[in-house]
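# Observations on the three-dimensional arrangement
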Amino acid sequence: MDTTRRGFLAAAATTAGATATPDFVHAEDHDHQVVPSDLALRTKSLESLLVEKGLVDPAALDAVIDAYDHKVGPRNGARVVARAWVDAAYKQRLLADGRSALAELGYGGTQGDDTLVVENTAQVHNLVVCTLCSCYPWPILGLPPVWYKSAAYRSRAVIDPRGVLREFGLVVPEEVEVRVWDSTAELRYLVLPERPAGSEHLSEEALAALVTRDAMVGVAKVALPQKGAQL
Ligand code: FE
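Before going into details, it helps to say that this report is about the structure given with it. This one's a predicted model, so the numbers in the text were calculated from it and none came from an experiment. Throughout, residues of each chain are indexed from 1 in the direction in which the sequence is written. Under the rules for a predicted model, residues below a pLDDT of 70 receive no local features and side-chain atom pairs below 80 are neither given nor counted, while totals for whole chains, interfaces and linings still include all residues.

## Considering helix H4 (residues 58–71)
To keep it simple, the criterion reads: Comment: elements are numbered from the N terminus, with helices defined as DSSP H or I runs of at least four residues and strands as E runs of at least two. One less than the number of residues in a helix, times 1.5 Å, gives the span that helix is expected to have. The exposure label follows from counting other C-beta atoms within 10 Å of a residue's C-beta, where the C-beta atoms are placed from the backbone and the thresholds are 20 or more for buried and 12 or fewer for exposed, leaving partly exposed in between.
The terminal C-alpha atoms of H4 lie 19 Å apart, and with 14 residues this matches the ideal 20 Å at 1.5 Å per residue to within 8%. Here H4 lies mainly on the outside; 0 of its 14 residues are buried.

Shown next, in the form of structure tokens:
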């Protein structure tokens, strides 16, 4: 499954044609010394100039980076999903009015003003894309992954969603309807994945630990850990 997904990512990066992409794809797996990409170097130069001219306060930049490192990210979305799994009333509110239900847990704001939550069931599988650029619900999923921004994913997710899902290692049976949602600057989407069978004994916290970013975009399912793995 990993091999296939890596293949898709590599192909996506190549098609996207961005000079920086392969480095970032690689960096997602593990860290080691690589020459900074052209994009990273340009960003650093721009930042130094802005700081030098007094147009940007480095402390303000650090605060933004800290927020995305520690406060904003897929762990937030995972908490939302786990709450919906254990609290039927919350789930109803979440599906009816995502924005308010997310605000109940303290999530919202920039790049997440209006969020529609779509539920995966035995009959329907939802997949999220932004065909135009890379709109994504930042407060609950963090910053979008490289593949989400790639031209290959953006075009193929709508043309051949089942094929794209297969390359992520997810085979959706023919009898299950696949719905593709195209994000916009005004409306973002969160997939509420199916709660895995056999997870009835798990606490809300343990459930949240199972929920991945990919499952909340709709390119994966939530699975129980392999036998023997620690929860
Ligand atoms: Fe976009």
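## Topic: the pairing of strand S2 (residues 124–129)
Note the following rule: Note on pairing: DSSP must find at least two bridges between two strands before they are called paired.
Of all 6 residues in S2, 5 are buried, a share of seventy percent or more. Looking at chain direction, S2 and strand S3 (residues 177–182) are connected through 6 bridges and run parallel. What sits directly across from Val-128, in S3, is Trp-181.

## Points about the packing of helix H5 (residues 74–86) against helix H6 (residues 88–96)
Spelled out, the test is: Note on method: axes are straight lines fitted to C-alpha atoms, helices fitted across the in-contact stretch only, with angles between N-to-C directions ranging 0 to 180 degrees. Should an angle lie under 35 degrees it is considered roughly parallel, over 145 roughly antiparallel, and from 65 to 115 roughly perpendicular; all remaining angles are considered oblique. Should the near helix be turned counterclockwise from the far one by less than a right angle, the crossing is left-handed, whereas a clockwise turn marks it as right-handed. Contact definition: two residues whose C-beta atoms, as placed from backbone geometry, lie within 7 Å.
The geometry of H5 relative to H6 is characterised by a closest axis approach of 5 Å and an angle of 125° between their N-to-C directions. Between H5 and H6, the angle is such that the two are oblique. As for how H5 packs across H6, the hand of that crossing is left-handed. Counting all contacts with H5, which are made through Val-80, Arg-83 and Ala-84, the residues of H6 involved are Tyr-90, Lys-91 and Leu-94.

## Topic: the environment of Leu-127
When you line up the elements, Leu-127 lands in strand S2. A tally of 24 C-beta atoms within 10 Å means that Leu-127 is categorised as buried. Each C-alpha atom, one on Leu-127 and one on Ala-157, is 8.0 Å from the other, the two residues being 30 residues apart in sequence. Look past the residues within four positions of Leu-127 in its chain and what remains in contact with it is Ala-157, Pro-161, Leu-165, Val-178, Val-180, Gly-218 and Val-219.

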